[in-house]
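Each chain, written out:
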Amino acid sequence: MAQIERETNGQSGIGTTPILSVNNIEVIYDQVVLVLKGVSLAVPRGGIVSILGANGAGKTTTLKAISNLLKSEKGLVTKGIIEFDGRRVDNTTPNDLVSNGCVQVMEGRHCFAHLSIHENLLTGAFTRRNGKAAIQRDLDAVYEYFPRLRERRKSLAGYVSGGEQQMCAIGRAMMSRPKMILLDEPSMGLAPKIVEEIFGIVKTLNEAQGVSFLIAEQNTNMALRYATYGYILETGRIVLDGSADDLRQNEDVKEFYLGIADSNRTSFRDVKSYRRRKRWLA
Ligand SMILES: Nc1ncnc2c1ncn2[C@@H]1O[C@H](COP(=O)(O)OP(=O)(O)OP(=O)(O)O)[C@@H](O)[C@H]1O
Ligand SMILES: [Mg+2]
């Protein structure tokens, strides 16, 4: 299978040094609303990590804090440190971050509806300075990973299915030759079979191209099948984190996020035994 050319390291497999580390960040919207309260997380190089949580938990805010997309929403990181690939990025622009290898695929897919799939993919190469031939090779590679996109290459993105739009958004991100993709709710509004297909492609991109992923998801079941590690966010705090296997076995996770009820548990008080994350960085 074609490899998307890499200008950098080419490391794959899960390394020990994190490619992304978020240390104790706080985010405030509109100068008053405190939405993230001391969030810390790490993504190993070549890993797939998931941020899980219900509506409004702060998943999107966490991803936007990392990719510097909060300003347009009157949001601000008021505390903490974010490092990507060995350097602090809390004060870079979203474009610089894409150039450095970290790109976000927004919630709701965000393709350009009036452009064809092919044109949408080309817009993903906007931060690159290398020539047409290299871009064409990467396009071919994206079409190999997403055969459906090749079939629909001439269709306007606004008229293809939700699943194909999600694939277009991820394919477009791949065109910037990322080391890491921040993926916001890829399963949103999609049928289980399509969600499965998309997560399968994510896994392939991770294994074949060494792209690291941080995936925000409400679909805990799916996310924990593909990620190796997960963080559970509740009202802006990480309340539990662990390997995907441990989280899947955790009784609280089963009950609240996987919908597997234990009949011996009768009240919220009984089940609320989350280990509060030790805030030694605070
Ligand atoms: N631009 C904004 N201004 C003010 N408050 C906001 C803004 N965006 C989000 N919030 C608030 O921040 C909190 C976290 O929202 P966020 O979108 O990060 O959650 P989420 O976990 O991504 O939820 P969902 O699963 O619904 O996408 C919510 O209470 C939300 O109302
Ligand atoms: Mg969200």
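Refer to the preceding data block for the structure.
This structure is a prediction, so every number in the text was calculated from the model and none was measured.

Before going further, it helps to spend a moment on the coordination of the magnesium ion (ligand 2). Bound to the magnesium ion (ligand 2) are the protein donor atoms Thr60 (OG1) and Glu107 (OE), situated 1.9 to 2.2 Å from the metal. One end of the pair, Thr60, is in helix H1 (residues 59-66); the other, Glu107, is in the loop between strand S6 (102-105) and helix H3 (117-123), with 47 residues separating them in the sequence. Looking at Thr60, the relative accessible area reads 18%, which means it is buried. Residue classification places Glu107 among the partly exposed positions, given a relative accessible area of 29%.

What follows deals with the pattern of salt bridges. The tally for this structure, following the rule as stated, stands at 14 salt bridges. Salt-bridge contacts for Glu26 lead to Lys79; the nearest nitrogen and oxygen are separated by 3.8 Å. Placement of the pair is Glu26 in strand S1 (residues 18-29) and Lys79 in strand S4 (residues 75-84), with a sequence separation of 53 residues. One salt bridge in this structure joins Asp85 and Arg45, with 2.6 Å as the shortest N-O distance. Of this pair, Asp85 sits in the loop between S4 and strand S5 (87-88) while Arg45 sits in the loop between strand S2 (33-44) and strand S3 (48-52), and the two are 40 residues apart along the sequence. The class of Arg45 is buried, set by a relative accessible area of 14%.

Residues in contact with ligand 1 amount to 15 residues; listed here are only the nearest, Gly56, Lys59, Thr60, Thr61 and Glu107. Note that a nitrogen atom of ligand 1 is positioned 3.1 Å from one of the side-chain N or O atoms of Glu73. A distance of 2.9 Å separates an oxygen atom of ligand 1 from a polar side-chain atom of Gln218. Isolated, ligand 1 exposes 630 Å² of accessible area, and the fraction of that covered by the protein chains is 67%.

This part covers the sheet that holds S4. Read from one edge to the other, the open sheet built from four strands follows the order S2-S1-S4-S5, with strand pairing classed as antiparallel. Looking along the sheet, the strands with just one partner apiece sit at the ends: S2 and S5. Direction of pairing for S1 relative to S2: antiparallel, over a ladder of nine bridges. Pairing of Ile28 across the sheet is with Leu34, part of S2.

Quick notes on the rules
- Residues numbered from 1 in each chain as written.
- Chains lettered and ligands numbered in written order.
- Predicted model: local features only at pLDDT ≥ 70, side-chain atom pairs only at ≥ 80, totals over all residues.
- Heavy atoms only, no water.
- Donors = N, O, S within 2.8 Å, 3.2 Å for Na, K, Ca; no water.
- Helix = DSSP H or I, 4+ residues; strand = E, 2+ residues; numbered from the N terminus.
- Buried < 20%, exposed > 50% of the residue type's maximum accessible area, 1.4 Å probe, protein only.
- Salt bridge = Lys/Arg side-chain N within 4 Å of Asp/Glu carboxyl O.
- Near = heavy atom within 4 Å.
- Polar contact = N/O pair within 3.5 Å; in protein donor to acceptor, adjacent residues only side chain to side chain.
- Areas by Shrake-Rupley, 256 points an atom, 1.4 Å probe, with all protein chains shown as cover.
- Pairing = 2+ DSSP bridges.

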